[in-house]
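Descriptive structure summary
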Amino acid sequence: QEARFQVIKKPTYATTSITEDMQTEELPRRSAEGLGKRYGNVIHRLFEDAVRGQLPGNTEAYVCYLLKMGSLDTDLTREVMEVLQAFQSSAIWEEIERSETVYTEVPFGLTQEVDGLPGVMRGVIDLLYRVPDGWKIVDYKTDALATDRDVQALAAHYAPQITAYAGHWERITG
């Protein structure tokens, strides 16, 4: 009986995500105090709504709502509005506006071996848009950084994530 139990409790497949794999690696030292994942979630939602053209008329009130829903202080409203304005003034925003094909929060799952078992690698790509020579992939980061060196270190840290997204997108789209 015990032998049969040992056989059936052994996993036959595994799932993982690209971001779970990234969490096993140590992040570069941050130079400034960040606001955490809840703040990042607010920015992700705001950017998604902006890209989709779904921001309400009173964006400031909407930002307050998102902050409250994220259990964050509404004193951050001005800062979040500035982040949104910077995004909408960026070169990325200009490219998005010119692109005929734009996707936000794109989930994917692909079969591949995970820890020696058949499995699924899953993830969500924050922003994808077509440019004349292919696709651009954007992954929003809200890490608090103080210097250009910190930015470079964080970009190097997350480069494998973007590379994995690009590889998965290539497998999906051909």
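Going by the structure above, here's the rest.
A brief structural summary. (Residues numbered from 1 in each chain as written. Predicted model: local features only at pLDDT ≥ 70, side-chain atom pairs only at ≥ 80, totals over all residues. Heavy atoms only, no water.)

**Topic: the overall build of the protein chain**
Helix and strand content of the protein chain: seven helices and four strands. Counting from the amino terminus, the protein chain carries its helices and strands in the arrangement α-β-α-α-α-α-α-β-β-β-α. Taking the principal axes of its C-alpha atoms as reference, the protein chain extends roughly 65 × 40 × 35 Å. Burial analysis of the protein chain (174 residues in total) assigns 36% to the buried set. Taking the contacts inside the protein chain whose residues are at least 6 apart along the sequence as the reference set, 62% of them involve residues at least 24 apart. A total accessible area of about 11,300 Å² is found for the protein chain, and carbon and sulfur atoms account for 50% of it. Each charge class in the protein chain was averaged separately, 18 positive and 27 negative side chains, and the resulting centres sit 6 Å apart. (Helix = DSSP H or I, 4+ residues; strand = E, 2+ residues; numbered from the N terminus. Buried < 20%, exposed > 50% of the residue type's maximum accessible area, 1.4 Å probe, protein only. Contact = heavy atoms within 4.5 Å. Areas by Shrake-Rupley, 256 points an atom, 1.4 Å probe, with all protein chains shown as cover. Lys, Arg positive; Asp, Glu negative; His and termini not counted. Charge placed at Lys NZ, Arg CZ, Asp CG, Glu CD.)

**A few points about the packing of helix α4 (residues 59-69) against helix α5 (residues 77-88)**
The interhelical angle for the contact between α4 and α5, taken along N-to-C directions, is 115°, at an axis separation of 10 Å. By crossing handedness, the relation of α4 to α5 is classed as right-handed. Note on element contacts: α5 touches α4 through Thr-77, Val-80, Met-81 and Leu-84, opposite Thr-59, Glu-60, Val-63, Cys-64 and Leu-67. Looking at the contact of α4 with α5 residue by residue, the classes come out as six nonpolar, two polar and one charged. (Axes fitted to C-alpha atoms, helices over the stretch in contact; angles between N-to-C directions. Left-handed = near helix turned anticlockwise from the far one by under 90°. Nonpolar A, V, L, I, M, F, W, Y, C, P; charged D, E, K, R; others polar.)

**A look at the packing of aromatic side chains**
Tallied over the full model, the rule gives nine aromatic pairs. The interplanar angle of 85° and the centroid separation of 5.9 Å between the aromatic rings of Phe-108 and Tyr-165 together place this pair among those described as edge-to-face. On the criterion of sequence distance, the pair formed by Phe-108 in strand β2 (residues 102-114) and Tyr-165 in helix α7 (residues 148-173) is long-range, its members being 57 residues apart. Here the two residues Phe-108 and Tyr-165 agree in accessibility, since each one is buried. Consider the rings of Trp-135 and Trp-169, whose centres lie 5.3 Å apart with planes at 80°: the pair is edge-to-face. You can see Trp-135 sitting in strand β4 (residues 134-138) and its partner Trp-169 sitting in helix α7, a full 34 residues away along the chain. The partly exposed category is assigned to Trp-135, whose relative accessible area is 26%. Here a set of aromatic residues connected by ring pairs shows up, and it is made of Phe-47, Phe-87, Trp-93 and Tyr-140. One cation-aromatic arrangement involves Lys-141 over Tyr-158; the distance from NZ or CZ to the ring centre is 3.9 Å. (Phe/Tyr/Trp six-rings, centres within 6.5 Å; stacked < 30°, edge-to-face > 60°. Lys NZ or Arg CZ within 6 Å of the ring centre and 35° of its normal.)

**Side note on a nonpolar patch on the surface**
On the surface, Phe-5, Val-7 and Ile-8 cluster together into a nonpolar patch covering about 340 Å² of accessible area. You can see Phe-5 is positioned in helix α1 (residues 2-9). (Patch = residues over 30% accessible without salt bridge, like charges linked within 9 Å, V, L, I, M, F, W, Y side chains within 5 Å. Salt bridge = Lys/Arg side-chain N within 4 Å of Asp/Glu carboxyl O.)

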